[in-house]
Amino acid sequence: TTTKDMTPETFFEVYGFAPIHIVDLKALMGDASDNIPGVPGVGEKTAMALIRKYQSIDEIYRLLPDIEAKPNVIKKLTEGEESAHQSYRLATIVTDAPLEFAPQDNLRKAPSDALYPLFMRLEFTKLIDKYGLKPPTDVPAAEEPVDLTVTAEAVTTAEKAEEFLALFRKAEHVTLLALPDLSGVIVDCDTSENAAVSAEFYFNRYESDWNALLRALFSDDIKKVSHNVKDLQRTLLENGLPIEGFVFDVALAGYLLDATAGKYDIASLFAAYFHQTLAEPKHLEPEAFSMLGDTAEAETAFHVYTSAVGALYETFAPELEKRELHELYYKVELPLCAVLARMEHAGMRVDANALAAFGSEMEAQLKTLEQHIYEEAGGPFNINSPKQLGEVLFERLQLPHGKKTKTGWSTNADVLEKLRWENPIVEEVLQYRQYAKFRSTYCDGLLKVIAPDGRIHTSFQMTVTATGRLSSTEPNLQNIPTRTQLGSEFRRMFVPASGCVLVDADYSQIELRLLAHIADDEAMKQAFLTGEDIHTVTAAQVFGVPSDQVTKQMRSHAKAVNFGIVYGISAFSLAQDIGVPVYEAKEYIETYFERFPGIRRYMDEVVAQAKERGYVETLMHRRRALPELTASNFNTRSFGERVARNMPIQGTAADVIKLAMVRVDERLRREKLKAKLILQVHDELIVECPEKEKETVAQLLTEEMEGAVHLSVPLTAEAHWGKNWLEAK
């Protein structure tokens, strides 16, 4: 890039008039980029000549019609005089707007401690340190620093432990944190005499039976408030200890109160709600305590964090009630902790030999594909390199392409899909990528995480998604593809224990049923009440044909519209999904709303309500804040509107499946069955059970899933069993 300094003198040399008259030039020639119309028919060349000679439009119109110009130019100027003056106003930068402004008020000043609460809420901890900010002394009473200092008594004998255990059993609740290896536990308790006591238990200092003490602490007769209860319960199960008596989890409560905060560790929650950083060591979580060893610093942090959990509980518990989240929290989220802990502990068995053989088969097919690709390309290259692949496809083979960027040609999936029929090499590259992903992610990846018991123990994350859905990590068992042959074959590798079967149950079109109920659309409700196929009904409505004349393609398009509506799809996206022009996709959506007016009414009302409230919520009052709706950026606002439409549907579906999990787990244990709930994948539950229990479990799953909530349309679930996940599905 080259630059040139433009002074008034150099500007005159280039244009032939003073810089101020660029406004007059724009008034004549216009500027489409700024919506300045100019004088119709007068272009840049004519306008430049006129301004060079007469300098301004005022002078031009003062001398009109005697100026030196062709008659047709004079005619255009005469007819366009009003537009010229309007364009002049549009092109002029207003310099006398009434502003209450004094330059000295905007001088840079040293950061004020008044910024501290804002920076804490926004988690700008580095800026707090950089500017040396401290909590302001005049904070409101509700935001006064919380005193977290506590003096705990070290419990070393069984006699002293029994004394404290008796106090804990009488208390309404205690606040408890445990080290990850269960070698230390801190318990804070307010006794009935209004005296606070705090006890610390350490394995290396306790003189009696440590496991007996832990069994007492984690039994049902001591009501416990803690943090990340599910993870603690899994650790307890792995050590053969009870997981009862947990009455509150501040991480879960923080998540329900703000589903988009992103961080729910103790330090972040405390900073967000009390505008305080925790005492030294800063931001130390219980997971890090044991790494510090048996030090006074570690113990101080342990006490501080336990006290912080207690303070958060006192704030969160009434707020949950205020927001009508009592049922969701105490009947769904909190009991789900124990359900998930048991599922994680149980794990899912994998046939390691079959998985390894499947991986070897993938490797052989990759080598074959590799040779075919090299033959089509005219020589070997790195297929995994987008740069080299782009050169082969678009330079060597001259396939149709888009614009080349600094990094080379784009070879992403969307680009290759459009070229699938242009050359056999494209199909082979797509297949190569699919096989390579399966081999590395699923075959090699899962073989590495099979535990000594032959099972994979995934972790379910409860505070990640804004809709309330669970997510599976380390490894993720929820993202195994189901629509491909490879994905289906891969499910064969998941098998039950010897003498057992897998029973798989999933909801039928739960999101569409919820949409019909929430939107209260009579046409859609009727389809579900009569048991008709909703996609066929939709196709008949959208295409205006009787149901018995709906073709396979019509139903496929209607299905895309149905689910697209739930996710707030645009006409452009729908057009891409089903391969039709945008105008045709737009007609489908418009016709859909005409045939299902309740859906349109719901979509409009929920967005309007969200703009008024600042949030949307599910049937069980799970809430998601939507600040995007007030954004100045159009795309951000559009995103907010899509979320407003689909979150109540997706979020309610998440609430329902969670409630179903709690009901299924409770009934399995109540009926003393050996069956165990082992996996949840979105709207699907998988139970492992002895073969003789399969019919009982299938019926139990169906009943509990269908009975989780009562809607104005039937909520249906289907259960199947088999000797592997694919058979059961």
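In every chain, residue numbers begin from 1 and rise along the written sequence. Only residues with pLDDT of at least 70 are given local features in this predicted model, and only at 80 or more are side-chain atom pairs given and counted; all residues enter the totals for whole chains, interfaces and linings. For the side-chain quantities, the full set of heavy atoms in the structure was used; hydrogens and water were omitted.

## Description of the pairing of strand β2 (residues 174-178)
Line of reasoning, step 1. Within β2, 5 of the 5 residues are buried, leaving the element largely enclosed by the surrounding structure.
Line of reasoning, step 2. Note on exposure labels: buried denotes an accessible area under 20% of the residue type's maximum, exposed denotes more than 50%, and partly exposed covers the range between, all computed with a 1.4 Å probe on protein chains only. Helix numbering and strand numbering both begin at the N terminus, where a helix is a DSSP run of H or I of at least 4 residues and a strand a DSSP run of E of at least 2. The side-chain alternation of β2 yields two buried faces, one formed by V174, L176 and A178 and the other by T175 and L177.
Line of reasoning, step 3. By definition, two strands form a pair when at least two bridges between them are found by DSSP. With 5 bridges joining them, β2 and strand β3 (residues 184-190) adopt antiparallel strand pairing. The residue of β3 that forms the bridge with L176 is V187.

## With respect to the pattern of salt bridges
Line of reasoning, step 1. Salt bridge, as applied in this entry: a Lys or Arg side-chain nitrogen positioned within 4 Å of an Asp or Glu carboxyl oxygen. Enumeration over the complete set of coordinates arrives at 45 salt bridges.
Line of reasoning, step 2. Close ionic contact of R323 with E319 constitutes a salt bridge, the shortest N to O distance being 3.1 Å.
Line of reasoning, step 3. Accessibility expressed as a relative area gives 22% for E319, which makes it partly exposed.
Line of reasoning, step 4. For K525, the salt bridge is made with E522, and the minimal N-O distance between the two is 3.4 Å. Here K525 pairs with E522, and both are found in helix α23 (residues 522-529), just 3 residues apart, close to one helical turn.

## Digging into the confidence of the model for the chain
Line of reasoning, step 1. When pLDDT is averaged along the chain, the result is 89; 95% of the residues meet or exceed 70.
Line of reasoning, step 2. Predictor confidence is given residue by residue as pLDDT, running from a minimum of 0 to a maximum of 100. Mean pLDDT in the chain bottoms out at helix α14 (residues 286-292), which sits at 48, and peaks at strand β6 (residues 246-249), which reaches 98.
Line of reasoning, step 3. In this model residues 137-142 is a low-confidence stretch, pLDDT under 50, and it forms 2 contacts with partners more than four residues away in sequence or in other chains. By the convention used here, residues are in contact when the closest approach between their heavy atoms is within 4.5 Å.

## Section: the sheet that holds strand β15 (residues 684-690)
Line of reasoning, step 1. Pairing is antiparallel across the open sheet formed by 4 strands, whose spatial order is β14-β15-β11-β16. Each of the sheet's edge strands pairs with one partner strand only, and the pair in question is β14 (676-681) and β16 (717-722). Neighbouring strand axes in the sheet, compared pairwise and without regard to direction, differ in orientation by 20° on average.
Line of reasoning, step 2. Here 7 bridges tie strand β11 (residues 500-507) to β15, and the two strands are oriented antiparallel to one another. From the neighbouring strand, D506 faces β15, where its bridge partner is E684.
Line of reasoning, step 3. The axes used here are C-alpha line fits, helices contributing only the stretch in contact, and every angle between their N-to-C directions lies in the interval 0 to 180 degrees. Its contacts with the sheet put helix α30 (residues 694-706) on β11, β15 and β16, and the angle it makes with β11 is roughly 20°.

## Looking at the side chain of T618
Line of reasoning, step 1. Within the secondary structure layout, T618 lies in the loop between β12 (615-617) and β13 (623-625).
Line of reasoning, step 2. The residues touching T618, leaving out its near neighbours within four places in the chain, are M647, P648, G651, T652 and D655.

## Points about the sheet that holds β2
Line of reasoning, step 1. Ordered in space as β1-β4-β3-β2-β5-β6, the 6 strands form an open sheet in which the pairing is mixed. Two strands lie at the open edges of the sheet, namely β1 (153-155) and β6, each paired on one side alone. Averaged over all pairs of adjacent strands, the angle between strand axes in this sheet comes to 30°, irrespective of strand direction.
Line of reasoning, step 2. Here strand β5 (residues 224-226) pairs with β6 via 3 bridges, running parallel. Note on β6: the bridge partner recorded for K224 is F246.
Line of reasoning, step 3. The strands touched by helix α11 (residues 229-238) are β2, β5 and β6; relative to β6, the strand with the most contacts, the crossing angle is about 135°.
Line of reasoning, step 4. Contacts between helix α12 (residues 250-257) and the sheet are confined to β5 and β6, with β6 contributing the most and set at about 45° to the helix.

## A closer look at helix α22 (residues 510-519)
Line of reasoning, step 1. Buried residues dominate α22, accounting for 8 of its 10 residues.
Line of reasoning, step 2. All buried positions along α22 are accounted for by I510, E511, L512, R513, L514, L515, A516 and A519.
Line of reasoning, step 3. Where α22 ends, the next residue or the one after it, D520, has phi of about 55°, a positive value.

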